[in-house]
Structures are given as C-alpha cells and as structure tokens.
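The residues making up each chain are set out below.
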Amino acid sequence: MSAILFENARVVDGTSPEPSEPMSILIEGDTIREVSRSISSASAERIDLSGKVLMPGLIDAHVHVIAGMANLGQNAKLPDPVVTVRAFKIMGEMLMRGFTTVRDLGGATSGLLAATEEAPWPTPRLNICGKALSQSGGHTDYRGPYDDHPPPKTGHTLGNLGRICDGVPEVRKAAREELKSGAHFIKVMANGGIASPTDPIHFLGFSREELIAAVEEAENAGTYVAAHLYTDKAIRRAIECGIHSLEHCNLITPETAKFAVENGCISVPTLVTYEKLGIEGAALGLPAASVAKVDSVRLAGMESLSIMRAAGLPMAYGTDLLGEMHRHQSEEFVIRSRVLPAHEVIASATYVAAKLLRMEGKIGCISPAAFADLIVIDGNPLDDMSRLTHQGAHMPIIIKNGSFVKSRR
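The structure presented is a predicted model; accordingly, all values stated were derived computationally and were not measured.

Observations concerning the overall build of the protein chain
In terms of helices and strands, the protein chain carries 13 helices and 17 strands. Taking 409 residues into account, the globule formula puts the C-alpha radius of gyration at 22 Å, and the protein chain, at 21 Å, falls close to it. For the protein chain, the spread of C-alpha atoms along the three principal axes comes to 70 × 45 × 45 Å. In the protein chain, which comprises 409 residues, the share counted as buried stands at 59%. A separation threshold of at least 6 residues defines the contact pool for the protein chain, and within that pool the share at least 24 residues apart is 70%. Just so you have it, the protein chain exposes about 15600 Å², and 53% of that area is on carbon and sulfur atoms.

Side note on the pattern of salt bridges
Opposite charge on two side chains makes pairing possible when the charged atoms of those side chains draw close. Here the structure, examined in full by the defined rule, presents 23 salt bridges. The partner of Asp-378 in a salt bridge is Lys-52, with the nearest N and O atoms 2.7 Å apart. Here Asp-378 is found in strand β15 (residues 374–378), whereas its partner Lys-52 is found in strand β5 (residues 52–56), with 326 residues between them in sequence. The closest approach of N and O atoms between Lys-173 and Glu-177, which form a salt bridge, is 3.3 Å.

Some details on the packing of aromatic side chains
For the coordinates displayed, the defined rule picks out six aromatic pairs. Taken together, a centroid distance of 6.0 Å and an interplanar angle of 70° make the contact between Tyr-230 and Tyr-274 edge-to-face. Highlighted residues: Tyr-230 in strand β12 (residues 225–231) and Tyr-274 in helix α8 (residues 271–280), separated in sequence by 44 residues. You'll find Tyr-230 and Tyr-274 in the same group, each marked buried. Three or more aromatic residues joined by ring pairs make a cluster, and in this case those are Phe-99, Tyr-317 and Phe-333. Geometry around Phe-371 places Arg-125 over its ring, the cationic atom sitting 4.3 Å from the centre. The cationic tip of Lys-362 hangs over the ring face of Phe-371; the distance from NZ or CZ to the ring centre is 4.9 Å.

Comments concerning the side chain of Asp-60
Residue position: Asp-60 is located in strand β6 (residues 58–63). No salt bridge is formed by the buried Asp-60. Its closest oppositely charged neighbour is Arg-336, at 7.3 Å. Excluding residues within four positions of it along the chain, Asp-60 makes contact with Phe-99, Thr-101, Val-102, Arg-103, Tyr-317, Gly-318, Thr-319 and Gln-329.

Quick word on the state of the cysteines
Here the structure, examined in full by the defined rule, presents zero disulfides. The closest cysteine sulfur to the non-disulfide-bonded Cys-129 is located on Cys-165, 12 Å from its own sulfur. Given a relative accessible area of 0%, Cys-129 falls into the buried group. Sulfur of Cys-265: no disulfide; nearest cysteine sulfur belongs to Cys-249 and is 8.8 Å away.

Thoughts on helix α3 (residues 110–118)
Listed in full, the buried residues belonging to α3 are Leu-112, Leu-113 and Thr-116. Along the long axis of α3, the arc covered by the buried residues comes to 105°, so they all point the same way. When the buried face of α3 is taken as reference, the exposed residues oriented beyond 90 degrees from it are Glu-117 and Glu-118. If you follow the buried residues of α3, they end up packed against α2 (80–96) and β8 (125–128).

Thoughts on the sheet that holds β8
Within the open sheet, the three strands sit side by side as β6-β7-β8. Their pairing is parallel. Single-partner strands in this sheet number two, and they are β6 and β8. Strand-to-strand, the axes of this sheet are offset by a mean angle of 20°, without reference to chain direction. When strand β7 (residues 99–104) meets β8, the two strands line up parallel, connected through four bridges. Across the sheet, Arg-103 pairs through a bridge with Asn-127, a residue of β8. Docked against the sheet, α2 engages β6, β7 and β8, running at close to 135° with respect to β7.

Some details on the nonpolar core
Membership of the largest hydrophobic core comes to 92 residues, with the highest contact counts inside it found for Met-55, Val-65, Leu-133, Val-188, Ile-243, Leu-246 and Phe-333. With six residues, α2 is the largest single contributor of residues to this core. Non-local contacts of Met-55, meaning those with residues more than four positions away in its chain, are made with Val-12, Ile-346, Ile-366, Asp-373, Leu-374, Ile-375, Ile-377, Pro-381 and Leu-388. If you look at the next biggest cluster of nonpolar residues, it comprises 19 residues, including Ile-4, Ile-27, Cys-365 and Ala-372.

Let's talk about the packing of helix α4 (residues 168–180) against helix α5 (residues 208–220)
Between α4 and α5, the shortest axis-to-axis distance is 9 Å and the interhelical angle comes to 30°. By the angle between their directions, the pair α4 and α5 is classed as roughly parallel. Where α4 crosses over α5, the handedness of that crossing is right-handed. Contacts between α4 and α5 involve Val-168, Val-171, Arg-172, Ala-175, Arg-176 and Leu-179 from the first element and Glu-209, Glu-210, Ala-213, Ala-214, Glu-216, Glu-217 and Ala-218 from the second. Tallied by class, residues from the contact of α4 with α5 come to seven nonpolar, no polar and six charged.

The rules behind these values
Residues numbered from 1 in each chain as written. Predicted model: local features only at pLDDT ≥ 70, side-chain atom pairs only at ≥ 80, totals over all residues. Heavy atoms only, no water. Helix = DSSP H or I, 4+ residues; strand = E, 2+ residues; numbered from the N terminus. Rg over C-alpha atoms; globule rule 2.2 N^0.38 Å. Buried < 20%, exposed > 50% of the residue type's maximum accessible area, 1.4 Å probe, protein only. Contact = heavy atoms within 4.5 Å. Areas by Shrake-Rupley, 256 points an atom, 1.4 Å probe, with all protein chains shown as cover. Salt bridge = Lys/Arg side-chain N within 4 Å of Asp/Glu carboxyl O. Phe/Tyr/Trp six-rings, centres within 6.5 Å; stacked < 30°, edge-to-face > 60°. Lys NZ or Arg CZ within 6 Å of the ring centre and 35° of its normal. Lys, Arg positive; Asp, Glu negative; His and termini not counted. Disulfide = S-S within 2.5 Å. Arc of directions from axis to C-beta. Pairing = 2+ DSSP bridges. Axes fitted to C-alpha atoms, helices over the stretch in contact; angles between N-to-C directions. Core = buried A, V, L, I, M, F, W, Y, C linked by side-chain atoms within 4.5 Å. Parallel < 35°, antiparallel > 145°, perpendicular 65-115°, else oblique. Left-handed = near helix turned anticlockwise from the far one by under 90°. Nonpolar A, V, L, I, M, F, W, Y, C, P; charged D, E, K, R; others polar.

Right, here's the structure in full:
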C-alpha cells in the first residue's frame, strides 16, 4: 500500500479564520491514516509543505456535468456519446480546479457515474439525482408554447437535465425510477427558471401534494429532496412540504431564512452563474427570453447571502454553470467573499457541503478515516481568495482517493 506523508502542513478547512499550526498528515492507500503534530513513517513518500497551505478537496454542491451547452433545450437533443465526451472534459477540468467531489443537480445518470468509475481519466467523485423532476411547462420543459408533442416518459437523453411528470402518481413513479436507477437524492423544479421558455420566475412548480409525494418517496429510500427555488413564496412552501436542500434562494426573506433553520434545511446559493449568464449567455446561445430573466434574480443574490448568514442558515457551495461558462466555477469563492468572511466561504465548499451530501467525516475534512482528497495551495486563500481561482494555477498538488492527479514539485 502506497503512503504519502505531508509535513509542515498548515491546514485551511473552513473551521477557523486562521490556518492551523504546522501539522503532519499521513495518507495510506485512499484514506487519511493519521493527523498529528509529528508522524514517523519509514516507507512513506515525504513532502514538505513549508510556506504552503493544505486543504480538503473542494466540493461543488450544484453542478450540471452534462450541460456542455448554455442552451439546455439544444443540449437535450445531442447524441449521448457526444454528451458523454463533453461531460468527461467538464469533469476533468473541475478536478483540476481542486473540486474532488461534485453534486449533480440534474442530468447525470447512474450510467455516467459508472463510466467515471471505470474510465482511466480522473474525474471528481460524482453525487447525482439522476433526472430532475419537472411538471409540464416547468423548468426543464423546453418544448415552448407552440409544441404540444408529449414529452418522453422513458429513454431520456443524457443531455436532458430533467423529466416531466404530472400528478401525484407520476411524481411517485418518477422519483422511484430515479432512486431505482441509483440516484443519491431527488431533485424537483419547484419554481420558474431562467433557461426554460414557459415558466416565469414567479411560477410555482408542482402542487403541494406532488412535492410532499416526492419527499415521502425520498424519505422512504433514506434520502432527501433538493428543490430549484428563487422566490420567497416558493421557498417557504418547499420547506413546509419537507424539502431539505434549497437551491439558489435569491429572493429569500429573513423570516423564511429563519424558518429554514428551524426545519434543518441547507441552502445552496449559485451567484456566479447569474453574473456570467448576464455577460456571456446570449453569445453562447442562451435564448433572449432567458437572458431577460437573469436580472430578476441576479440583483438580489448578494443580499440573500447576508440574510441567510444572519439567520444562521448553512450555505453550501454551488455554481450551476452551463457550457463554456464552467470555467468560472472557482469565482463563486471571490463573489461570496465580498459579503462573507473568508473561512465561512471555504466552509461552504468543505464541511457544510459534506453535511449536505451526507458524507461528513469522509469528504470536506482532513481527519483520520476520511478519503484522501487533498489540495495544496501556494499562498493563503484566507488572505486572498483568488488563490483558489485561475483554473488551479495556484494548486501545485491535487490528490483524489490517495492518488496524485496533479503534482508540480
């Protein structure tokens, strides 16, 4: 079993506003064996990290790895092999930015997950919901107002983020099928969205009964429901229905943020996507009607961070980027640090995200028995969050499952 010993490692994991004192971390195989002030090992490869920072591998809790195009309706029409090749490129680039785990919020299937585990090309650990659930005319229904062709019930293309289901029986069946197929959780589109043509932002997706049915099916399987949400009304309704993971939340009010805390929810803001959609979306094929929706949520995004922090609502790191905009993934760190303390922003991509994925103690931390997912940073991101940007340029070492995926020493 191969072993690696990091020495003089100052750890930054989001639990403190300052790096730790110099530590030693012993990796054996794919896990962390020991963390101490001093460790002796005769067989381990020794790496001195003096002057550098060691972090847990980063976690992005809201991605779409199959979204190679900004126009999601067109992306859904691509052949599966093309989508697969593009997804591997997207995931490989995520890993080289230091994201060793990503949670996919619609599109990635258990087949793609199996492919990542067999392929020789390194990718992040993939946590999936399968196809997101949407009602007719909701987010992920790209048929447009004049297309009355029935949506498919099975055989969904890999490039399609979601599937259409109407009424409690169909919602139950769709949720059960996704769970049967290997989904780690269920995603519902409970509000209007930017990328779809017939659902304005204020639109409420699904009835309460349908949302409760999805929650019951997830809970029966020992997991939870995540919901696409913007407006305060939609967020409150989702919490009342038992939804746990609140995606986006741009228009949340202080009262609803407190209500979310009382119900044990976690939010996943995704501010970078609105900034980049407004700037690049049209040029990358996003329909004009979708571009026009962006400002309705973008302008409230920064205030939502302050509201949720004041309420004590945990926030996981998310980006929700599409197509060529995936390259901006790490800029969410910089955007959030304009209003939040640096260590709290880092926490969103470490232990907070790990809690959301129900993988506490395994990812997002540097502790014994955790997966050996680690990144080395030139400089201290607590002082300069841009050290986490520039496509991993400031990361000389990236390790996933105990194996080097990048080593520049």
